[in-house]
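Now for the letters of each chain:
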Protein chains: 2
Amino acid sequence: MKAPNPNKPTVTAQDVARLAGVSRAVVSRALSNNGSVSPQSRARVEAAARQLGYQVNFLAQGLNRQRSQLIGVVVARLTDPFRSTLVNALLSAIQARGYQALVTEITDEQETGLSLRRFTQFRVSGVVVTSGQPPESIVRECIEHHIPVVGINRAQSGPSMDVVCSDNQAGAMLAASQLCAAGCQSFIWLNYQGSTWAGRVRGEAFRHALTVQGIAPEYLRELQAPQDGYEGGFLAAQHSNLLRPQATTGIFCANALLACGFLDSMRQQGKNAPTDFHLIGFDNTPQTAWESYQLTTIHQQVDELAAKALDCLRERARHPERAAQVIPVAVELVHRRTSPCVTEQTDTL
Amino acid sequence: MKAPNPNKPTVTAQDVARLAGVSRAVVSRALSNNGSVSPQSRARVEAAARQLGYQVNFLAQGLNRQRSQLIGVVVARLTDPFRSTLVNALLSAIQARGYQALVTEITDEQETGLSLRRFTQFRVSGVVVTSGQPPESIVRECIEHHIPVVGINRAQSGPSMDVVCSDNQAGAMLAASQLCAAGCQSFIWLNYQGSTWAGRVRGEAFRHALTVQGIAPEYLRELQAPQDGYEGGFLAAQHSNLLRPQATTGIFCANALLACGFLDSMRQQGKNAPTDFHLIGFDNTPQTAWESYQLTTIHQQVDELAAKALDCLRERARHPERAAQVIPVAVELVHRRTSPCVTEQTDTL
DNA sequence: TTGAAAGCGATACCAT
DNA sequence: ATGGTATCGCTTTCAA
């Protein structure tokens, strides 16, 4: 058998039942508010539970219910400020709803599937994918086990996964309008090689938004950073000769880190925003608000993303068959120094 | 009873046993490499398991073993770059050792205890506290349930919790030496009101280190930011008249965010490092390396902190009775622009 | 309302 | 080496 716990033996529902003078069943019902229990029994159970310091064994509970109070979260490179902000919001939302977060870090898109598998082994109540693209087959496995999967800011992975996504189109449009209103006549889209899906979508949307603004395609240049992050943006600015002398250039970046790196590198070259060019980033991470950057940026409402993602899980748990949805979340343009708010002054005359 | 799964019924060890023509017991042994199994049986079990796509139910496994493959992590404000870096390292280390991370975010020191309780309900294999101070009583509860608890960068919470801690004394000494060698004659210690334990220790150690360097106490001033973070540092610099005209001031900050905010605010006032003052931060977060800051800083080896924390859990699981330890992790001075490396030139003459 | 009992799925002991 | 079986702790059905 098992070695008896030499210290404090675990308190079980059985112990509570004994002390309260009722059966395990009553204890279970009383404590989980399921089924009917007389007020007196309930009181006695609660008293006994408190007295013994009883705590439900979630493993046993989950085993029986075939579902744990766990929600799986997949994330990559938590050191990226936007990701940590998002995960922070997710943790809050998850706990606010009475769940616990099971977090796995992936270093490679491939690992997403493995993470999902491990989540199912814990019978999680749902999965939130914030990085990586899970193979449709594995998502289906989850669905078959009645485990809803939702992605944040990613492409739909087949017809089984819901997605909550910041409105990249609107963001690109806001950026394009702002840059045009600010008088830019030449444009650059900055992204990195092997960008995420969201980054690519933003680029496409920016191109489209410029067209809508009446900008001819030849006035948009694409700049590929050799890598992601601050360093990528920094290098991108070094390795290219950006500015046409005649026209103010408006630059839109796939994310905040790229924008910060780009800006620093440009400054090192003696060029600054908004005098020499305009710059708008995506994400509105804390650093973009710092005095040294004051970056105009597209703000993502992370709390909203998190909340909608969890709502989505709940909904899908109820209606497993319903078609997968894409739920948009509004974005906002935050005016800061690298492309200041344009007042109506041009219309004054 | 339970509603039968309408889709794919869960594959259990029983199913594998049936297909392999052996008993559940053999399946368990074969798959967990426990007990003895004939090579042939093993092969058949493995084949059957693969064929059926069998996955162990961790809930059942944990219930039986009285221990899950979970490790609890307590963290606050994940948006702080140092915290997210540390948690990132912890996640990697946890997964590298075959565990899964159960993460709880606390917004208040008080919640630490509640988090630990919930961890025990999942029969976690260990707990890592990176924020907050768990009440000694609850830590003891954990220990009594054979759940080791380790803190990172915090005070020992009674005799039951091990602690892994960056060497704040050494860090302060490195900072003091550097500032002195750079010619500073007047010093400021910048921290925020209600600082963490680590911050306070660094302050004390800095004071001591200056004494060792032969600096009289009256040349050290303490500056209290009204809050933590970038904003706190920014405000601290605004609300105080820092520099004596005669002597170069050396400033040491409790953390990186304070330092960045402080630096930006000083610049706004027309003062910059290292010309007008010297500045050294703690943590070496990614942003301190950015071109706009290039902050000289004390580097914490997060991977080392994470690795030692997990080693510690393992050790304590083996020896529950052993006295609690404090395990130091070395820090390094990273020379950057706000207090550049001092060459031997002063000795040349 | 209540309690007895049948699981949930896996593990480890013990006898074979 | 193998299989039967008790057990981990809780939930839920079912009959009383």
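Conventions we followed
- Residues numbered from 1 in each chain as written.
- Chains lettered and ligands numbered in written order.
- Predicted model: local features only at pLDDT ≥ 70, side-chain atom pairs only at ≥ 80, totals over all residues.
- Heavy atoms only, no water.
- Axes fitted to C-alpha atoms, helices over the stretch in contact; angles between N-to-C directions.
- Helix = DSSP H or I, 4+ residues; strand = E, 2+ residues; numbered from the N terminus.
- Parallel < 35°, antiparallel > 145°, perpendicular 65-115°, else oblique.
- Left-handed = near helix turned anticlockwise from the far one by under 90°.
- Contact = heavy atoms within 4.5 Å.
- Nonpolar A, V, L, I, M, F, W, Y, C, P; charged D, E, K, R; others polar.
- Buried < 20%, exposed > 50% of the residue type's maximum accessible area, 1.4 Å probe, protein only.
- Pairing = 2+ DSSP bridges.
- Phe/Tyr/Trp six-rings, centres within 6.5 Å; stacked < 30°, edge-to-face > 60°.
- Buried area = accessible area lost by both parts, 1.4 Å probe.
- Salt bridge = Lys/Arg side-chain N within 4 Å of Asp/Glu carboxyl O.
- Polar contact = N/O pair within 3.5 Å; in protein donor to acceptor, adjacent residues only side chain to side chain.
- Near = heavy atom within 4 Å.
- Domains from an automatic or database assignment.
- Least-squares fit on C-alpha atoms with pLDDT ≥ 70 in both.
- UniProt positions renumbered as here; feature names shortened; annotations may be inferred.

Looking up chain A in an unreviewed UniProt entry gives the name LacI family transcriptional regulator, with the organism given as Mangrovibacter phragmitis.

Student: Describe the packing of helix α6 (residues 111-121) of chain B against helix α7 (residues 136-144) of chain B, with residues and values.
Tutor: All names here are of chain B. Following both chains from N to C, one finds α6 and α7 inclined at 10°, their axes separated by 9 Å at the closest point. When the axes of α6 and α7 are compared, the pair comes out roughly parallel. Here α6 and α7 pass one another in a crossing that is left-handed. Contact with α6, carried on its side by G113, L116, R117 and T120, involves I138, V139, E141 and C142 of α7 and no other residues of that element. Looking at side-chain class alone, the contact of α6 with α7 contains four nonpolar, two polar and two charged residues.

Student: So what's going on with the pairing of strand β11 (residues 326-329) of chain B? Residues and values would help.
Tutor: Residues and elements named next belong to chain B. Of the two faces of β11, only the one carrying I327 and V329 is buried; V326 and P328 on the other face are not. As paired strands, strand β5 (residues 162-166) and β11 are joined by four bridges and run parallel to one another. Looking across to β11, one finds that V164 is bridged to I327.

Student: Would you mind going over the packing of aromatic side chains in detail, with residue names and values included?
Tutor: What the rule picks out here adds up to 21 aromatic pairs over all chains. Look at F187 of chain A and F206 of chain A: their rings are 6.5 Å apart centre to centre, the planes differ by 75°, and that puts the pair in the edge-to-face class. Highlighted residues: F187 of chain A in strand β6 (residues 186-192) and F206 of chain A in helix α9 (residues 197-212), separated in sequence by 19 residues. Centre to centre, the rings of Y293 of chain A and Y293 of chain B are 6.2 Å apart; their planes meet at 50°, and the pair counts as tilted. Placement of the pair is Y293 of chain A in the loop between β9 (277-283) and β10 (296-300) and Y293 of chain B in the loop between β9 (277-283) and β10 (296-300), with the two residues belonging to separate chains. Exposure class is identical for Y293 of chain A and Y293 of chain B. Each is buried. In this structure an aromatic cluster arises from ring pairing among Y230, F234, W290 and Y293 of chain A together with Y230, F234, W290 and Y293 of chain B.

Student: Let's hear about the interface of chain B and chain A: which residues, and what values?
Tutor: Facing the 57 residues of chain B at the interface are 57 residues of chain A. Where chain B abuts chain A, roughly 5700 Å² becomes buried across the two surfaces, and 56% of that area is made up of carbon and sulfur atoms. Linking chain B with chain A are zero salt bridges. Connecting chain B to chain A are 19 residue pairs in polar contact (both at pLDDT 80 or more). Within the residue set of the side of chain B that touches chain A, elements represented by two or more residues are α4 (58-65), α5 (81-96), β2 (100-106), α6, α10 (229-238) and α11 (256-268) of chain B. Looking at the side of chain B that touches chain A residue by residue, the class counts come to 22 nonpolar, 24 polar and eleven charged.

Student: Can you explain the protein's contact with DNA strand C? Please cite residues and give values.
Tutor: Taken together, 30 residues surround DNA strand C, and among them R29, S36, S41 and N64 of chain A together with Y54 of chain B come closest. Within the side chain of S41 of chain A, a nitrogen or oxygen atom sits 2.5 Å from a phosphate oxygen of DNA strand C. One of the backbone N or O atoms of A60 of chain B is found 3.5 Å from a base nitrogen in DNA strand C. Breaking the surface near DNA strand C down by element, the ones donating at least two residues are α2 (24-32) and α4 (58-65) of chain A together with α2 (24-32) and α4 of chain B. Considering every element that reaches the surface near DNA strand C, the biggest residue donor is α4 of chain B, with five residues.

Student: I'd like a rundown of the domain arrangement of chain A, residues and numbers included.
Tutor: Domain annotation of chain A identifies domain 1 (13-56), domain 2 (70-166 + 302-329) and domain 3 (168-300). Measuring from the centre of the C-alpha atoms in domain 1 of chain A to the corresponding centre in domain 2 of chain A gives 35 Å.

Student: Just give me the short version of helix α6 (residues 111-121) of chain A, but keep the residues and values in it.
Tutor: All of the buried residues along α6 of chain A are T112, G113, S115, L116, F119, T120 and Q121 of chain A. Those residues of α6 of chain A hidden inside the fold are in contact with β1 (70-76), β2 (100-106), β3 (126-129) and α7 (136-144) of chain A together with α4 and β2 of chain B. Downstream of α6 of chain A by a residue or two, R123 of chain A has a phi angle that is positive, lying close to 55°.

Student: Which residues make up the sheet that holds β3 of chain A, and what values do they have?
Tutor: One open sheet holds the twelve strands; their spatial order is β11(A)-β5(A)-β4(A)-β3(A)-β1(A)-β2(A)-β2(B)-β1(B)-β3(B)-β4(B)-β5(B)-β11(B), and the pairing between them is mixed. Unpaired on one side and paired on the other, β11 (326-329) of chain A together with β11 of chain B mark the two borders of the sheet. Going across the sheet, the axis of each strand differs from the next one's by a mean of 25°, ignoring polarity. Relative to β3 of chain A, β1 of chain A is paired through four bridges, and the arrangement is parallel. Bridge pairing in β3 of chain A places I71 of chain A opposite G126 of chain A.

Student: I'd like to hear about the pattern of salt bridges, residue by residue, with values.
Tutor: Proximity of charged atoms lets side chains of opposite charge pair with each other. Residues and elements named next belong to chain A. Counted according to the given criterion, the structure contains 28 salt bridges over all chains. The salt bridge involving R267 is made with D264; its shortest N-O contact spans 3.9 Å. Of the two residues, R267 and D264 both sit in helix α11 (residues 256-268), three residues apart, roughly one turn of that helix. Given the relative accessible area of 3%, D264 is considered buried. K308 is paired through a salt bridge with E304; the nearest N and O atoms lie 3.4 Å apart. Taken together, the positions of K308 and E304, both in helix α12 (residues 302-318) and four residues apart, correspond to about one turn of that helix. One continuous salt-bridge network, built from bridges that share partners, spans R97, D311 and R314.

Student: So what's going on with the protein's contact with DNA strand D? Which residues, and what values?
Tutor: Taken together, 29 residues lie near DNA strand D, and A13 and Y54 of chain A together with R29, S36 and S41 of chain B sit nearest. Within 4 Å of the protein, the contacting atoms of DNA strand D are 64% sugar and phosphate, with bases supplying the remainder. Between a phosphate oxygen of DNA strand D and a side-chain N or O atom of S28 of chain A, the distance comes to 2.9 Å. The separation between a base oxygen of DNA strand D and a polar side-chain atom of R29 of chain A is 3.4 Å. Elements represented by at least two residues in the surface near DNA strand D include exactly α2 and α4 of chain A together with α2 and α4 of chain B.

Student: Run through the relation of the copies chain B and chain A, naming residues and quoting values.
Tutor: Mapping chain B onto chain A calls for a rotation angle of 180° and an axial translation of 0.0 Å; the resulting RMSD is 0.1 Å. Here the transformation between the copies is reduced to the relation of a two-fold axis. When you check the interface residues of chain B against chain A, 100% turn up at the interface there too, and the contact is symmetric in its surfaces.

Student: Kindly report on the UniProt feature "domain: HTH lacI-type" (unreviewed entry) in chain A, identifying the contributing residues and their values.
Tutor: In the numbering used here, UniProt assigns the "domain: HTH lacI-type" (unreviewed entry) feature to residues 11-65 of chain A. Annotated as residues 11-65 of chain A, this span is 71% helix and 0% strand, and its ends, taken at the C-alpha atoms, are 20 Å apart.

Student: Could you give an account of the environment of T120 of chain B, naming the residues involved and the relevant values?
Tutor: Inspection of the secondary structure assignment puts T120 of chain B in helix α6. The class for T120 of chain B is buried, based on a relative accessible area of 10%. The sequence separation of T120 of chain B and E141 of chain B amounts to 21 residues, and the corresponding C-alpha distance is 8.9 Å. Residues contacting T120 of chain B, with those up to four places away along its chain left out, are Q55 of chain A together with C142 and I147 of chain B.

Student: How would you explain the sheet that holds strand β6 (residues 186-192) of chain B if you had to name every residue and give the values?
Tutor: All names here are of chain B. In spatial order, the strands read β7-β6-β8-β9-β10-β12; together these six strands make up an open sheet with mixed pairing. For this open sheet the edge positions go to β7 (220-225) and β12 (331-334), each flanked by a neighbour on one side alone. Here the average twist between neighbouring strands, direction ignored, is 20°. Relative to strand β8 (residues 249-253), β6 runs parallel, the two sharing five bridges. Opposite W189, over in β8, you have F252 as the bridge partner.

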